[in-house]
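Take a look at the letters that make up each chain.
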Amino acid sequence: MTNKNIVKQTAVFFAFTVILAAAFAVSLFLGTEQLDLSTETGKLILYKLRLPRSALVLISGALLAGTGAMFQLFFRNSLADPGLMGISSGATLGAICFAVFFARFSFLGISILSAGAFLGAICSGLLIAFLSFGKSRNSVTIILCGSAAGTFFSAISSIIQLTHREAIERIFSWLVGSFSGKTFSDLKTLFVPALICFFLLVKGTSSLDLLCGGEESAQSLGLDIRRTRIFVLFIGALGVSCAVCAGGTIGFVGLIAPHIVRRLFSSRAKILVPLSMLLGSIFLLVCDTVARVVVRPSELPVGIITSLVGVPFFISLINARNSNA
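Conventions adopted
- Residues numbered from 1 in each chain as written.
- Predicted model: local features only at pLDDT ≥ 70, side-chain atom pairs only at ≥ 80, totals over all residues.
- Heavy atoms only, no water.
- Core = buried A, V, L, I, M, F, W, Y, C linked by side-chain atoms within 4.5 Å.
- Buried < 20%, exposed > 50% of the residue type's maximum accessible area, 1.4 Å probe, protein only.
- Helix = DSSP H or I, 4+ residues; strand = E, 2+ residues; numbered from the N terminus.
- Phe/Tyr/Trp six-rings, centres within 6.5 Å; stacked < 30°, edge-to-face > 60°.
- Salt bridge = Lys/Arg side-chain N within 4 Å of Asp/Glu carboxyl O.
- Axes fitted to C-alpha atoms, helices over the stretch in contact; angles between N-to-C directions.
- Parallel < 35°, antiparallel > 145°, perpendicular 65-115°, else oblique.
- Left-handed = near helix turned anticlockwise from the far one by under 90°.
- Contact = heavy atoms within 4.5 Å.
- Nonpolar A, V, L, I, M, F, W, Y, C, P; charged D, E, K, R; others polar.
- Expected span 1.5 Å × (residues − 1).
- Disulfide = S-S within 2.5 Å.
- Patch = residues over 30% accessible without salt bridge, like charges linked within 9 Å, V, L, I, M, F, W, Y side chains within 5 Å.
- Areas by Shrake-Rupley, 256 points an atom, 1.4 Å probe, with all protein chains shown as cover.
- Polar contact = N/O pair within 3.5 Å; in protein donor to acceptor, adjacent residues only side chain to side chain.

### So, the nonpolar core
Logical step 1: Within the largest apolar cluster, 83 residues are counted, with the highest numbers of intra-cluster contacts made by Phe71, Phe75, Met85, Ile87, Phe179 and Leu208.
Logical step 2: Of all the elements, helix α2 (residues 40–75) adds the most residues to this core, at 16 residues.

This is how it looks when you write it as structure tokens:
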């Protein structure tokens, strides 16, 4: 790597960090209510509500974008993201099941939705990992298995929602993605697993770079494909479960951020994954801020905003792939 490239990459990371800091600051001072720091109420809103909420949005955006970049690199498919792999659907199913059938129980002080989402994501990741065993299993097959599993999880979720409407009405905003009402307690619960996930995402970039020439080439260089596949699915499940616990089902962050970084900067894992995490945090912070101010004094779920941006983006990707085919 030349000194010129190092300087360029450093400048890009610095620029993204500055933009992220600005987006975080704006998210603290804009919301459903005007913030007046000269009053005690304004200070409470800032420190007790908006600060932990913005921190959770930042972490969730980074996790979704980082896992999305990891999936796209491993499967060598720019359309791969946690939603496509069925992990997000598994997390949603887990949260719905816990909210409906275990609402009266307590899980070590963790909210019912968070506990269900975490276990749902982990179980769906383990299921896809189990399906990935076998010599005939390649990356395309795993994507198809994940997509089929996600459809199955969504079908079960729909059945539960139709038969338990009263319980589902209480968590509707969470189902479409919302960070409303989050506190430092939620941040404390997710901080350590999120930190572990960040560490493993960065650590796994070396293995992912070996896959740029294909699985056979990576194997010839000493990479254990099956072991790497399990590692990717585990990190994906851990990252998505943390993000879903924090803000519910939020789509397209793991698709949009890595694709933009790849087109503008680099497809190398050591660049793509960290920059995608930064951009994912920026994107979700902006979307959450828009969700809070666009219909003030009411609030839209942030998942609606990301979908309004993500669906046209996804369609444009499909059209671009077809035109290049």
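From this point, things continue past the structure.
### Considering the packing of aromatic side chains
The description of two aromatic rings rests on the distance between their centres and on the angle between their planes.
Logical step 1: Counted according to the given criterion, the structure contains two aromatic pairs.
Logical step 2: On the numbers, 5.6 Å between centres and 80° between planes, the contact of Phe16 with Phe265 is edge-to-face. Of this pair, Phe16 sits in helix α1 (residues 3–29) while Phe265 sits in the loop between α12 (253–264) and α13 (269–293), placing them 249 residues apart in sequence.
Logical step 3: On the basis of relative accessible area, Phe16 is assigned to the buried category, the value being 11%.
Logical step 4: You can call Phe265 partly exposed: its relative accessible area is 32%.

### Focus: the pattern of salt bridges
Logical step 1: Applying the stated criterion to the full structure yields three salt bridges.
Logical step 2: A salt bridge links Asp288 to Arg292; the nearest nitrogen and oxygen atoms lie 3.5 Å apart. A residue pair is termed a helical-turn pair when its members lie 3 or 4 positions apart in one helix, as Asp288 and Arg292 do in helix α13 at four residues.
Logical step 3: For Asp288, a relative accessible area of 1% gives the class buried.
Logical step 4: Judged by its relative accessible area of 3%, Arg292 is buried.
Logical step 5: Ionic contacts of the salt-bridge type, sharing partners, join the residues Arg53, Asp288, Arg292 and Glu299 into one network.

### Things to note about the packing of α2 against α13
When two helices pack together, you describe them by how their axes are tilted relative to each other and by the distance separating the axes.
Logical step 1: Two elements in contact, α2 and α13, have axes whose closest approach is 7 Å; the angle formed by their N-to-C orientations is 140°. Classified by the angle between their axes, α2 and α13 sit oblique to one another. In this structure, α2 meets α13 at a crossing whose hand is right-handed. Contacts from Arg50, Arg53, Ser54, Val57, Leu58, Ser60, Gly61, Ala62, Ala65, Gly66, Ala69 and Leu73 in α2 reach Ala269, Leu272, Val273, Ser276, Met277, Gly280, Ser281, Leu284, Leu285, Asp288 and Arg292 in α13.
Logical step 2: Along the lines of polarity and charge, the residues of the contact of α2 with α13 split into 12 nonpolar, seven polar and four charged.

### Side note on helix α11 (residues 225–247)
Residues three or four positions apart in an α-helix share a direction because the helix packs 3.6 residues into each turn.
Logical step 1: Its 23 residues place the ends of α11 32 Å apart at the C-alpha level, agreeing with the 33 Å of an ideal helix rising 1.5 Å per residue.
Logical step 2: Among the 23 residues that make up α11, 18 are buried, leaving the element largely enclosed by the rest of the structure.
Logical step 3: One or two steps after α11, the chain reaches Gly248, where phi turns positive at roughly 85°.

### A closer look at unusual backbone geometry
Logical step 1: Not every positive phi belongs to a glycine, and Phe252 is a case in point at roughly 75°.
Logical step 2: Structurally, Phe252 is set in the loop between α11 and α12.

### Comments concerning the environment of Ile235
Logical step 1: Looking at the secondary structure, you find Ile235 in helix α11.
Logical step 2: The exposure class assigned to Ile235 is buried, which follows from its relative accessible area of 0%.
Logical step 3: Once residues within four sequence positions are removed from consideration, Ile235 is found in contact with Thr67, Met70, Cys197, Leu200 and Leu201.

### Notes on the state of the cysteines
Logical step 1: Inspection of every chain in the model, using the stated rule, returns zero disulfides.
Logical step 2: There is no disulfide at Cys242, and the cysteine sulfur nearest it, in Cys197, is 6.3 Å away.

### Description of the side chain of Ser157
Logical step 1: By the secondary structure assignment, Ser157 is in helix α5 (residues 139–163).
Logical step 2: Judged by relative accessible area, which is 4%, Ser157 ranks as buried.
Logical step 3: Ser157 has contacts with Thr92, Leu93 and Ile96, leaving out every residue within four places of it along the chain.

### Thoughts on a nonpolar patch on the surface
Logical step 1: Together, Phe191, Val192, Leu195 and Ile196 line one region of the surface with nonpolar side chains, adding up to about 370 Å² of accessible area.
Logical step 2: By the secondary structure assignment, Ile196 is in helix α8 (residues 184–203).
Logical step 3: Under the relative-accessibility criterion, Ile196 is labelled partly exposed at 43%.

### Observations regarding the side chain of Ser89
Logical step 1: With respect to the element layout, Ser89 can be found in helix α3 (residues 87–101).
Logical step 2: Within the structure, the side chain of Ser89 is placed 3.4 Å from the side chain of Ser154, a separation counted as a polar contact.
Logical step 3: Those residues within four positions of Ser89 in sequence are excluded, and the remaining contacts are Gly150, Phe153 and Ser154.

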